[in-house]
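# A look at the structure
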Amino acid sequence: NTRRRITIARNLYACWRVLCIVVVLSVFVPQPGLRAVVFAVIYSVAFICAYLADPAYMEYLSNIVPPRMRGRFLGKRDALAIATTAIFSMALSFILDRFQAAGKGTAGFLTLYAIAAIGVVLQLSCYYRMKELPVRKPKPSTKPPVVRLAEPLRDHSFRKIILYNILYNIGVYVANSY
């Protein structure tokens, strides 16, 4: 069961990354209105895949990172992700500016997407090499799934964390796309 969840998460992340590259093909749709719809659909499906995979990936992280280190680890991981995204975004912008200045904007965009595609392949190769850890079997709950999902939402403090996480992920994923 856990193996299947990790495989599903890997595949959903793979779809997310590939669709974030494929979305560039929407510029070739001849009608502008349809172009926007195609872009929105591909982009939305990509991020739905990412959001569906996140819980399984976070569970995987919680299994490999000891509880006393999780806060520090996740904070450093997020800080590194934000810093790396900012640096790469600026570097890629610099590359695109050089191509634009030379009058080769199309070649610049193709170069950026080639670099992104290489990054996707590297990331996916890392995802598919991840090994699973043995997972403790939790006691089965007798509560209906809807009640179990609603339970954490009753806690006012937890709702703030969820809101922060939603806003944070929107910021990271939007920045990560460019």
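The rules behind each value
- Residues numbered from 1 in each chain as written.
- Predicted model: local features only at pLDDT ≥ 70, side-chain atom pairs only at ≥ 80, totals over all residues.
- Heavy atoms only, no water.
- Axes fitted to C-alpha atoms, helices over the stretch in contact; angles between N-to-C directions.
- Helix = DSSP H or I, 4+ residues; strand = E, 2+ residues; numbered from the N terminus.
- Parallel < 35°, antiparallel > 145°, perpendicular 65-115°, else oblique.
- Left-handed = near helix turned anticlockwise from the far one by under 90°.
- Contact = heavy atoms within 4.5 Å.
- Nonpolar A, V, L, I, M, F, W, Y, C, P; charged D, E, K, R; others polar.

A few words now on the packing of helix α3 (residues 70–101) against helix α4 (residues 105–129). In a pair of packed helices, the angle between the axes and the distance between the axes together describe the arrangement. At their nearest, the axes of α3 and α4 sit 7 Å apart, and the two run at 155° to each other. Regarding the angle of α3 to α4, the classification is roughly antiparallel. Handedness of the crossing formed by α3 with α4: right-handed. Contacts between α3 and α4 involve Leu92, Ile95, Leu96, Phe99 and Gln100 from the former and Gly105, Ala107, Gly108, Phe109, Thr111, Leu112 and Ile115 from the latter. The residue inventory of the contact of α3 with α4, partitioned by class, reads eight nonpolar, four polar and no charged.

Turning to the packing of helix α2 (residues 32–64) against α3, a few remarks are in order. It is the contact of α2 with α3, at a shortest axis distance of 11 Å, that shows an interaxial angle of 130°. Between α2 and α3, the angle falls in the class oblique. Crossing geometry of α2 relative to α3 is assigned as right-handed. Note on element contacts: α3 touches α2 through Arg70, Phe73, Leu74 and Arg77, opposite Tyr57, Met58, Leu61 and Ser62. Considering only residue class, the contact of α2 with α3 consists of five nonpolar, one polar and two charged.

By themselves, these are just geometric observations and shouldn't be taken as functional.
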